[in-house]
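# Residue-level structural notes
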Amino acid sequence: MSLTAFITGATSGIGKATAYLFAKHQIKLVVCGRRTEKLKELQEELSKHTAVHTLQFDVRNKEDVFSAVASLPKEFASIDILINNAGNAHGLSPIQEGSLDDWDAMIDGNVKGLLYVTKAILPSMIAQNSGFIVNIGSIAGKEVYANGNVYCASKFAVNALNKGMRLDLNQHNIRVSAIHPGLVETEFSDVRFKGDTERAKTVYQGYKALQAEDIADIIHFVVTRPYHVTIEDLIVYPTAQASATILRKDEN
Ligand code: NDP
Ligand code: 8X3
């Protein structure tokens, strides 16, 4: 029986790499994001390997989240795997200089958006008495670093929600896991630095950062364990990174 996965933030980075890997393994896909053009590209490419349905919505808009999920055609409506991946950092500033709009974007997207999507998908998992939720946290949800304040808080919330989901969904036979990456080379820093691509590039210079495909590979491993096996929590660093603030870069 083929599985169906629902991936938020599939238009870029970790979510996109996961969608490609899942497609190669013939997992049916519901891929989500805000950028219509990117969703169109995904539909074209991924449907060479598997059945694909795209949903365009902003996870911050609760009405849009629920109506998007309710609009799923019958053949995509039973979700086996939810990858709660959509999210970003917006800005990197001391708390006293933080932007209210950036704070709203992070709390509304990374925390409330993840909750809305989970709430919308859960009835189908509960009805099936099975399912798998993978929450993409961050090392920023394990360790606060200077200027990371609200992004770190949003990822600490993801860490807590992952634990809460595990407790509450245990009675419904639903598996729940979190993966917490360190530095992954994606559009993440472009978004954090608001399109300052030069600054974004420097984040990944002088060492080998994790690639989106590395995390996709781990997500695929986690969701393909036998049903009685759940990996609760995984922290993944590039080898050059020892903590949020200790990173060994080449000297030249
Ligand atoms: P990218 O910027 O490459 O991808 C982010 C994805 O999230 C995009 O597909 C984007 O799609 C989607 N997204 C963002 N905001 C919204 C929103 N409001 N509504 C709907 N979709 C949204 O970054 P990554 O792949 O690196 O990030 C994926 C996850 O991994 C995030 O949760 C991030 O916090 C986490 N992470 C990233 C790390 C890194 O170093 N890169 C490390 C640790 C964790 P679109 O713009 O089309 O809406
Ligand atoms: C992304 C990794 O170190 O920029 O969550 O917070 S970090």
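That block above? That's the structure.
Calculation notes
- Residues numbered from 1 in each chain as written.
- Chains lettered and ligands numbered in written order.
- Predicted model: local features only at pLDDT ≥ 70, side-chain atom pairs only at ≥ 80, totals over all residues.
- Heavy atoms only, no water.
- Helix = DSSP H or I, 4+ residues; strand = E, 2+ residues; numbered from the N terminus.
- Rg over C-alpha atoms; globule rule 2.2 N^0.38 Å.
- Contact = heavy atoms within 4.5 Å.
- Lys, Arg positive; Asp, Glu negative; His and termini not counted.
- Charge placed at Lys NZ, Arg CZ, Asp CG, Glu CD.
- Phe/Tyr/Trp six-rings, centres within 6.5 Å; stacked < 30°, edge-to-face > 60°.
- Lys NZ or Arg CZ within 6 Å of the ring centre and 35° of its normal.
- Expected span 1.5 Å × (residues − 1).
- Buried < 20%, exposed > 50% of the residue type's maximum accessible area, 1.4 Å probe, protein only.
- Polar contact = N/O pair within 3.5 Å; in protein donor to acceptor, adjacent residues only side chain to side chain.
- Near = heavy atom within 4 Å.
- Nonpolar A, V, L, I, M, F, W, Y, C, P; charged D, E, K, R; others polar.

### Let's talk about the overall build of the protein
If you tally the helices and strands in the protein, you get eight helices and nine strands. Against the compact-globule benchmark of 18 Å for 252 residues, the protein has a radius of gyration of 18 Å, which places it among compact chains. Taking the principal axes of the C-alpha coordinates as reference, the protein spans close to 50 × 35 × 35 Å. Sequence-distant contacts, at least 24 apart, represent 70% of the contacts inside the protein between residues at least 6 apart. Here the protein contributes 26 positive and 28 negative side-chain charges, whose respective centroids are spaced 4 Å apart.

### So, the packing of aromatic side chains
If you walk through the whole model with that rule in mind, you get one aromatic pair. Here the basic side chain of Arg225 rests over the ring of Phe221, its NZ or CZ set 3.9 Å away from the ring centre.

### Observations regarding unusual backbone geometry
Even without being glycine, Asn129 reaches a positive phi, approximately 55°. Relative to the helices and strands, Asn129 is located in the loop between helix H4 (100–128) and strand E5 (131–136). Unlike most non-glycine residues, Asn173 shows phi in positive territory, near 65°. Relative to the helices and strands, Asn173 resides in the loop between helix H5 (149–169) and strand E6 (174–181).

### Digging into H5
For H5, which comprises 21 residues, the first-to-last C-alpha distance of 30 Å matches the rise-based estimate of 30 Å (1.5 Å per residue) to within 8%. All buried positions along H5 are accounted for by Val150, Tyr151, Cys152, Ser154, Lys155, Val158, Asn159, Asn162, Met165 and Leu169. On its buried side, H5 packs onto strand E4 (81–84), H4, E5, E6, helix H6 (188–192) and strand E9 (233–236).

### As for the side chain of Thr8
Among the secondary structure elements, Thr8 is positioned in the loop between strand E1 (4–7) and helix H1 (13–24). Assessed through its relative accessible area of 3%, Thr8 is described here as buried. Of note is the side chain of Thr8, whose polar atom sits 2.9 Å from the backbone nitrogen of Ala86. If near-sequence neighbours (up to four positions away) are discounted, Thr8 is found in contact with Cys32, Ile83, Asn84, Asn85, Ala86 and Val117.

### Let's talk about the site of ligand 2
In the region of ligand 2, the neighbouring residues are Ser138, Ile139, Ala140, Tyr145, Tyr151, Phe188 and Arg192. One of the side-chain nitrogen or oxygen atoms of Ser138 is found 2.5 Å away from an oxygen atom of ligand 2. Residue classes in the shell around ligand 2 are distributed as five nonpolar, one polar and one charged.

### Some points on the site of ligand 1
The local shell around ligand 1 holds 29 residues, among which Thr11, Ser12, Arg34, Tyr151 and Thr186 are the closest. Measuring from an oxygen atom of ligand 1, one finds a side-chain N or O atom of Asn88 at 3.0 Å. Between ligand 1 and Lys155, the relevant distance is 2.9 Å, taken from an oxygen atom to a side-chain nitrogen or oxygen of the residue. Elements with a minimum of two residues in the shell around ligand 1: H1 and H5. Taken together, the residues of the shell around ligand 1 break down into eleven nonpolar, twelve polar and six charged.

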